[in-house]
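Analysis of the macromolecular model
In case you want the letters, here they are:
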Amino acid sequence: VYRPWLGIFFMCVACAMFPVQNGVVKLLTGLYPFQEVVWARLATHLVLMCIVFLPRRGLALLRSRAPIQQVICSAGLLGATVFFFAAARSVGVTEAIAISFVSPLAVTFLAWPLLGERITFPRLASVVIGFAGVMIVIRPGSSVFQWASLLILVSAISYAVYQIVVRRVATVDSPATTAFYTALGCTLVTSFMVPFNWKTPDNWQDVALMISLGISGGFGHYCVARAFSYAPANLIAPLNYTQMIGSVIVGYLMFAEVPDAYVWLGTTLIVLAGLMVGWSGRKRI
């Protein structure tokens, strides 16, 4: 059903939630081991998957025709989550979002060797421009450079790998099966990490915040899926960049962060590169 305004609405809801979620991640990783926060996020997500899909699909939910690719999906999302959470405490909310915007550019570049999709000159130029924007944001070699910024970059690339493999798995497995196995694999791995990196929550408010990460993450991605079901990707995808507005607000209200001119310049280049990729895809279609 083509309902563009409904698609825009769902995408805007998701883009309003994600910066708040990132702010909560930064807050919690400043109080608890990031491994514990990652586990809480993923375990809650897994419980939600079971509640939503198991009653309707039963054991059919567990049937996969591409188990190895499902493992790779889990590894990609696990890497994206772990690296982001590990860096969140040290990187500003706005900077983290700006660097994570490189993910769609990484998809463009990695789809060439992994999927055999031909990369055109405009798309290659977009990747180069986006990478230049990231370098401006993180400024390696300067006094403001933080190694945690590179973890955010690795997180974005891991998420790009996840997206590419999900695209391949979608031809043989249902999205529900992929979502379940991804959450299951990530939760199992982080469950082995938690006993060695555990701090008992100081209060029930912190417990609620940890649980909220899984709920907001799951609901946010659901809104993204609904948005793309109502409107084409070239209309919806650019709305991702509205997260910058929420990130600036969250960073200022929660942590008194004010992005400098370099962050704005680098972000502008990254967003421009992303829009170039979207436009080239639209023309090809």
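On a predicted model such as this, the values are computed, not experimentally measured, just so you know.

Moving on to the overall build of the protein chain. Helix and strand content of the protein chain: twelve helices and zero strands. Its helices and strands in sequence order give the protein chain the pattern α-α-α-α-α-α-α-α-α-α-α-α, from N to C terminus. The C-alpha radius of gyration computed for the protein chain amounts to 19 Å, which stays within 12% of the reference 19 Å derived for 285 residues, consistent with globular compactness. Counting only C-alpha atoms, the protein chain reaches 45 × 45 × 35 Å along its principal axes. Sorting the 285 residues of the protein chain into buried and exposed places 47% on the buried side. Excluding contacts between residues fewer than 6 apart, the proportion of contacts in the protein chain whose partners are at least 24 apart in sequence is 90%. Carbon and sulfur atoms make up 71% of the accessible area of the protein chain, which amounts to about 14400 Å² in all. Across the protein chain, the mean location of the 18 positive side-chain charges is 17 Å away from that of the 8 negative side-chain charges.

Turning next to the environment of Ile164. Summarising the element assignment, Ile164 is placed in helix H7 (residues 147-169). Sequence separation between Ile164 and Val107 is 57 residues, and the spatial gap between their C-alpha atoms is 6.6 Å.

Two numbers describe how helix H4 (residues 93-100) lies on helix H11 (residues 243-255): the axes approach to 8 Å, and their chain directions differ by 155 degrees. Between H4 and H11, the angle is such that the two are roughly antiparallel. Residue-level inspection shows Val93, Thr94, Ile97 and Ala98 of H4 in contact with H11, the latter providing Gln243, Met244, Ser247, Val248, Val250, Gly251 and Phe255. Here the contact of H4 with H11 is composed, by residue class, of seven nonpolar, four polar and no charged.

We now examine helix H8 (residues 175-193). Given a rise of 1.5 Å per residue, 19 residues ought to cover 27 Å, and the 27 Å separating the end C-alpha atoms of H8 matches this to within 8%. Residues of H8 that are buried include every one of Ala176, Thr177, Thr178, Phe180, Thr182, Ala183, Gly185, Cys186, Thr187 and Thr190, and no others. Here the buried face of H8 lies against helix H2 (34-57), helix H3 (67-88) and H7.

The next subject is a nonpolar patch on the surface. A cluster of nonpolar side chains, namely Leu27, Leu31, Ile245, Ile249, Tyr252, Leu253, Met254 and Val258, defines an oily patch on the protein surface of about 810 Å² accessible area. Among the elements that make up the nonpolar patch, the one with the highest residue count is H11 (five residues). Tracing the backbone through its elements, the reader meets Met254 in helix H11. Given a relative accessible area of 36%, Met254 falls into the partly exposed group.

If you walk through the whole model with that rule in mind, you get three salt bridges. Glu257 serves as the salt-bridge partner of Lys26, at 3.6 Å between the closest nitrogen and oxygen. In this pair, Lys26 sits in helix H1 (residues 4-29) while Glu257 sits in the loop between H11 and helix H12 (261-284), placing the two residues 231 residues apart along the sequence. For the pair Lys26 and Glu257, a shared accessibility class is recorded, and that class is buried.

Axis angle and axis distance: for two packed helices, these are the angle between their axes and the distance between the axes, and together they describe the pair. Viewed as axis vectors pointing N to C, H4 and H7 meet at an angle of 40 degrees, and their least axial separation amounts to 8 Å. One way to sum up the angle between H4 and H7 is to call them oblique. In the packing of H4 onto H7, the handedness of the crossing is right-handed. Of H7, the residues touching H4 (which contributes Ala96, Ile99 and Ser100) are Ser149, Ile152, Leu153 and Ala156.

Reading the values: the criteria
- Residues numbered from 1 in each chain as written.
- Predicted model: local features only at pLDDT ≥ 70, side-chain atom pairs only at ≥ 80, totals over all residues.
- Heavy atoms only, no water.
- Helix = DSSP H or I, 4+ residues; strand = E, 2+ residues; numbered from the N terminus.
- Rg over C-alpha atoms; globule rule 2.2 N^0.38 Å.
- Buried < 20%, exposed > 50% of the residue type's maximum accessible area, 1.4 Å probe, protein only.
- Contact = heavy atoms within 4.5 Å.
- Areas by Shrake-Rupley, 256 points an atom, 1.4 Å probe, with all protein chains shown as cover.
- Lys, Arg positive; Asp, Glu negative; His and termini not counted.
- Charge placed at Lys NZ, Arg CZ, Asp CG, Glu CD.
- Axes fitted to C-alpha atoms, helices over the stretch in contact; angles between N-to-C directions.
- Parallel < 35°, antiparallel > 145°, perpendicular 65-115°, else oblique.
- Nonpolar A, V, L, I, M, F, W, Y, C, P; charged D, E, K, R; others polar.
- Expected span 1.5 Å × (residues − 1).
- Patch = residues over 30% accessible without salt bridge, like charges linked within 9 Å, V, L, I, M, F, W, Y side chains within 5 Å.
- Salt bridge = Lys/Arg side-chain N within 4 Å of Asp/Glu carboxyl O.
- Left-handed = near helix turned anticlockwise from the far one by under 90°.

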